[in-house]
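# Overview (structure and organization)
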Amino acid sequence: MLRITRGPLATFRRGKATTTGEDYQYMQKTRIPMLHFQASLPRLPIPELEKTCERYLAAQKPLLIDEAFRKTKDNVERFKTTTGPKLQELLKKKDSQNKHTSYISEPWFDMYLRDRVPLPINYNPLLMMNPDPKPEYNNQLIRTTNLVISSLRFMKSLRAHQLEPEVFHMNPAKSDTDTFRKVTAMAPSLVATYVAYAFKAFPLDMSQYQGLFGATRIPETGKDRIYRNEKSRHLLVIRNGNMYSVDVLDEAGNIEQPETLLARFKYVLNDNRPPSDTPLGLLTTENRDTWARIRYHLGEIGNEKALRTVDSALFCLCLDNGSIDSENPIPMIRDFLFGDGTNRWFDKSFSLIVSKDGTAGINFEHSWGDGVAVLRYFQEIYKETTKRPFVEPTVQPNDANRSEDVVRLIEFKLDDKIREGVIAAQNHHNAVIDALDMNYMKYEGINKNICKKQRISPDSVMQLGFQLAFYKQHGKFVATYESCSTAAFRHGRTETMRPCTMATKEFCEAIERKQNPTSTGELRAMMDKCSTIHGQLTKDAAMGQGFDRHLFGLRHTAQTNDIPTPCIFEDPAYAAINHNILSTSTLSSPALLAGGFGPVVRDGYGIGYNIQDGFLGSVVTSYKPDRNGREFVDCLRSAYEDIAQVLNNSSPPSK
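Here's a quick rundown of the structure. (Residues numbered from 1 in each chain as written. Predicted model: local features only at pLDDT ≥ 70, side-chain atom pairs only at ≥ 80, totals over all residues. Heavy atoms only, no water.)

### Quick look at helix α19 (residues 520-542)
- Here α19 is 23 residues long and its end C-alpha atoms lie 33 Å apart, about the 33 Å a rise of 1.5 Å per residue gives.
- Three or more residues of α19 are buried, namely L523, R524, M527, D528, C530, S531, H534, T538, D540 and A541.
- Looking at the buried side of α19, the elements it contacts are α2 (49-60), α17 (458-474), β13 (480-485), β14 (494-497), α18 (502-512) and α23 (629-648).
- Among the residues trailing α19, G544 stands out with phi positive, at a value near 75°. (Helix = DSSP H or I, 4+ residues; strand = E, 2+ residues; numbered from the N terminus. Expected span 1.5 Å × (residues − 1). Buried < 20%, exposed > 50% of the residue type's maximum accessible area, 1.4 Å probe, protein only. Contact = heavy atoms within 4.5 Å.)

### Points about the pairing of strand β6 (residues 234-239)
- Where burial is concerned, most of β6 is hidden: six out of the six residues are buried.
- Taken together, the six bridges between β6 and strand β7 (residues 242-247) define a ladder with antiparallel strand orientation. Considered in β7, the bridge of V237 is made with Y244.
- Connecting β6 to the next strand, β7, in antiparallel fashion are two residues, including N240 with a positive phi near 55°.
- With four bridges connecting them, β6 and strand β8 (residues 316-319) associate as parallel partners. Across the sheet, residue L236 finds its bridge partner in β8, namely C316. (Pairing = 2+ DSSP bridges.)

### Focus: the sheet that holds strand β15 (residues 582-586)
- Here we have six strands laid out as an open sheet, ordered β12-β18-β17-β15-β13-β14, and mixed in their pairing. Across the chains shown, the open sheet's two edge strands, defined by having one partner strand only, are β12 (436-443) and β14. On average, each strand axis in the sheet is inclined to that of its neighbour by 25°, with strand direction left out of account.
- Sitting on the sheet, α17 touches β13, β15, β17 (605-611) and β18 (616-623), and the angle it makes with β17 is about 145°. (Axes fitted to C-alpha atoms, helices over the stretch in contact; angles between N-to-C directions.)

### Quick word on helix α12 (residues 330-337)
- Turning to α12, its buried residues are I330, M332, I333, F336 and L337. For α12, the buried positions fall inside an angular range of 160° around the axis, keeping them on one side.
- Looking at the buried positions of α12, the neighbouring elements they touch are β1 (126-129), β9 (350-354), β10 (360-364), β12, β16 (592-596) and β18.
- Positive backbone phi, approximately 55°, marks G339, located one or two places after α12. (Arc of directions from axis to C-beta.)

Nothing here speaks to function; it is all geometry.
Next comes the structure, spelled out in structure tokens:
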């Protein structure tokens, strides 16, 4: 998930949708070469050691009692004068030898691929799409076909380098323009990014986009690997646990016609074979080493071809049987995030899920990327399918090929070991999801417009609510993680923003004080201070000036150079601040209905949130009995009511 919002996306088709020639094959034809900015993207900076230590202590201060903080401060001071400078020198040396990438990229990939925990809940996030405004287009077959066509058009534009470069526009009205495109396209690639900066536009790294299509995470003992195939022409389609290979490109690599694809997906939806009694997708919910051993056995007993078909598919399409309840979306969000595992293959780079009522979403594997590419893809296909769909309700299915030749059941040879593995995986997965609680909060007393009118950061208001809610519930402050993208740098990944500050702690204590209550004016001044500090922390993180990734890199450097673990990393306070009880992430998109992910620790909350024009909303996950998610959401609503009262009864700061 990410902390970047974008200006409007530019596409260059005009007029009525056509299904012939390049107009049908490509979603975009960019005026600026897709990778034009890549060569001049700045490298992710390695922060100064002194600054990282200062930022680390500032984040620790609201979490520790005075005695513990003094010990942590002593450890930091020793680190700065002993091992720290040597590790900084080694990290910089390695960085200078790898100028094609960032200092965090390799160890960050390695961290993901070495973790042995199951992918669903622990790693794979969910983006749920808003319904099509036109009800007749939410028919499962029609919406599936439209989403697949737009997905393939996006893929072909990407592979032909015809996608417009990803750019964050500070002021889209001034920079998301023909003039910007003309000027930056004329600039040499080695300086193009800096020309864009003159427009207050920030090109973003696009190296992760190659991971979107034709890719799968392959389980192997100790460390997984990413497999990619750019020659495949089929999708992996799963329905009722049965797996199909469905051709979607012809032999020349062109997208099949809409009525052809409509016929092929209709064939799958009309296939009346019973649900699979051994749904192998459940194996992708297992511990990675367990799954690696079972997968190896699958190959040994004659399933190499079937596994290659699954791994090489352009992406996974899951055709589900559920329907969403607009008054209670939680069951559908749960199903899309992890479900019962029978109709998923969580290892694919992403799965497009379409339910019986046309509700759609994306569940994606996280090791290959952080969401920048997924969000771009998600927005583009939503925009196209709702504005200019290729399949209308009047289109009739028509496939010149016999459907059974281009829609093939993927059949596996099974033995008792595989069947037992699937049963064990199902039991393990059910035990986890039965313990996972999910709650949703929608609050209409605060929204984007109110925050704008009050001249206060919407994100700081939402994060302040999380701090206040936890304080209401538990009377203390805990490690809090907010994801922030560093995609403005070459091979940037993410940085951690630490929203629990001394300013938020002081506000929460003040607003909850029953004796000698703080005045509304004072509370408002404290809120404004929280917003200012939050804004600076966000800016620092986005510019690669947080402390979490730097400390991660220094620790990794010690490990790879056989240097004894420095005292700063053996301090219990370091383990505590990385035990993120509040793990939060947001994104902003008109395509998004909801986003969600699991807690990152057993006693934590996973909070996917967004603030819209009319409301703010949060999807909160937690494990029973370690946390009470329902109570937290009640406290969260109470927190926003308190914050709204301060905003409504005070004046915004003067400019």
